[in-house]
Each structure stands twice: as C-alpha cells, then as structure tokens.
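# Commentary on secondary and tertiary structure
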Amino acid sequence: MKEKNRNIIKYITVMLLGVIMNQGFNILAEALNLPAWLDTGGTAFAAIALEPAAGIVVGFINNFYLSVIYNDMSTIIYFASSAAVALVCGICMRDKQGKVRLKRLWITLLLVLVVTTAISSLLTIIRNGGIPLNNNWENYFYNLAVNNGFPGVISCFFAIGTVKVFDVIGITVIVAAMWLITPKFLKNEVYLEKE
C-alpha cells in the first residue's frame, strides 16, 4: 500500500510539473516572440519520466486549456500532435528493458519533428485550408514560401516544419535540464510492473 501511495504522489507531482512546464514555457515563448511554441516540454518530460500515458494526460490538459482560453475549441484537434510527442518520447527514449537511454535521443528528436510536423500540417490543411492562423512565426514562414512561388500545401508544411525545428531544439534543452534536476524518486527508471 505504501508503494502504491508513493507512485500516486509521484505521478501527480510529475504530471502537475508537466502541465506547469507546458504553460510556463508557452507563455515565455510568446512573451519573447520566439519562433517556437514550447508547449510540449512538460508532455515529453512526463512521458519520459513516467510513461507515455502520463504524457498524454499532460498534453490533453495543455491543449484543452489553450483551446478554451487562447483559441477556440476547434483547436483541440492539435492534441493529436501532443499525444504523438508523448508516445514517441515515452517509447523511443527507453530500451527494451524500459531504461531511459541518451543514445536514443537523436532518433527520438527526428521522429518527433517528422511526426508532429506531419500531424500539425495535415490538421492545419483540414481546419484552415493550410493557412496557419495561431502563430506569427508560422504565418511569417508560410508567407515567405508562398511569396517565393510555393503552393499553399508545401508552404504549410514548410512553415510548420520550420517552427517545429526551433520548437524541438527548445523542448530538448528544457526536458534535458528538467531530467537532470528531477530527483530519481520521481522518475520511473523502468516501467512499473503490473501486479
């Protein structure tokens, strides 16, 4: 029973920290007008420190909050991108024994970049005809591509992909710093065994 209570406290602590990270760094990115969202660092951190399901919950809370407070409810569909971050980070950063391995970082970053760019671009095409509406930097890169003669769909992928490059770099730094300062007892060194 004590172990179960410790795990509940660990999950609540890390997931709450993840939600705060997502919101805090997103606010910082907007305040500094950075070419990045920085709103999935907490999602990635929770998925790596605990498990993908924890990251998915953190990502959903973040996307729900952003949809209700800053955008409109139709933007909740971008939760698919956050869920992808949680799944890719939570699965790819661990070896077959469930241990987090630094050597798996590059493949994880590449997958996060490709998968989230594809998901966000496709959702933007479905939702807005491929025209980014919610980010000044995405709009800038989109217009840059369109003004250089690229079709709208290619311009959408270019704009979102360019911002995602900066986003993934920023998130990597944030998650690495959090991983280093987070006490070991708040991390699942291996996935929890089912009882």
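Because the structure is predicted, anything quoted here is derived from the model rather than measured.

## Regarding helix 2 (residues 41–49)
Along an α-helix, residues three or four positions apart point the same way, because every turn accommodates 3.6 residues. In terms of burial, helix 2 is a largely internal element, nine of the nine residues being buried. Those residues of helix 2 that are buried are in contact with helix 1 (2–31), helix 3 (52–69), helix 4 (79–92) and helix 7 (152–181).

## Topic: the nonpolar core
Of all hydrophobic cores here, the largest spans 31 residues; its most connected members are Val 14 and Phe 45. In this structure, Trp 37, Phe 141, Tyr 142 and Val 163 belong to the second largest nonpolar core, which totals five residues.

## Notes on the packing of aromatic side chains
Applying the stated criterion to the full structure yields seven aromatic pairs. With 5.4 Å between their ring centres and 90° between their planes, Phe 60 and Phe 79 make a pair best called edge-to-face. One end of the pair, Phe 60, is in helix 3; the other, Phe 79, is in helix 4, with 19 residues separating them in the sequence. Here the aromatic rings of Phe 141 and Phe 158 are separated by 6.2 Å at their centres, their planes lie at 85°, and the arrangement is edge-to-face. Within this pair, whereas Phe 141 is found in helix 6 (residues 136–147), its partner Phe 158 is found in helix 7, the two being separated by 17 residues in sequence. We note Lys 187 situated over the ring of Trp 179; from NZ or CZ to the ring centre the distance is 4.0 Å.

## Focus: a nonpolar patch on the surface
Together, Ile 27, Val 57, Phe 60, Ile 61, Phe 64, Tyr 65, Val 68, Ile 69, Tyr 70 and Met 73 make up an exposed nonpolar region whose accessible area comes to about 890 Å². For the nonpolar patch, the leading source of residues is helix 3, giving seven residues. Structurally, Ile 27 is set in helix 1. For Ile 27, a relative accessible area of 46% puts it in the partly exposed group.

## Focus on unusual backbone geometry
Despite not being glycine, Asn 33 shows a phi value in the positive range, around 55°. Following the sequence through the fold, Asn 33 ends up in the loop between helix 1 and helix 2. Classification of Asn 33 by relative accessible area gives partly exposed; the value is 42%. One non-glycine residue, Leu 38, adopts positive backbone phi at about 55°.

## Thoughts on the pattern of salt bridges
Evaluation of the coordinates by the stated rule reveals three salt bridges. The partner of Arg 6 in a salt bridge is Glu 3, with the nearest N and O atoms 2.8 Å apart. Placement of the pair is Arg 6 and Glu 3 together in helix 1, with a separation of three residues, close to one helical turn. The partly exposed category is assigned to Glu 3, whose relative accessible area is 43%. Of the charged contacts, one joins Asp 95 and Arg 101 as a salt bridge, the two residues approaching to 2.7 Å between their closest N and O atoms. Under the relative-accessibility criterion, Asp 95 is labelled buried at 16%.

What counts, and at which threshold
- Residues numbered from 1 in each chain as written.
- Predicted model: local features only at pLDDT ≥ 70, side-chain atom pairs only at ≥ 80, totals over all residues.
- Heavy atoms only, no water.
- Buried < 20%, exposed > 50% of the residue type's maximum accessible area, 1.4 Å probe, protein only.
- Helix = DSSP H or I, 4+ residues; strand = E, 2+ residues; numbered from the N terminus.
- Contact = heavy atoms within 4.5 Å.
- Core = buried A, V, L, I, M, F, W, Y, C linked by side-chain atoms within 4.5 Å.
- Phe/Tyr/Trp six-rings, centres within 6.5 Å; stacked < 30°, edge-to-face > 60°.
- Lys NZ or Arg CZ within 6 Å of the ring centre and 35° of its normal.
- Patch = residues over 30% accessible without salt bridge, like charges linked within 9 Å, V, L, I, M, F, W, Y side chains within 5 Å.
- Areas by Shrake-Rupley, 256 points an atom, 1.4 Å probe, with all protein chains shown as cover.
- Salt bridge = Lys/Arg side-chain N within 4 Å of Asp/Glu carboxyl O.

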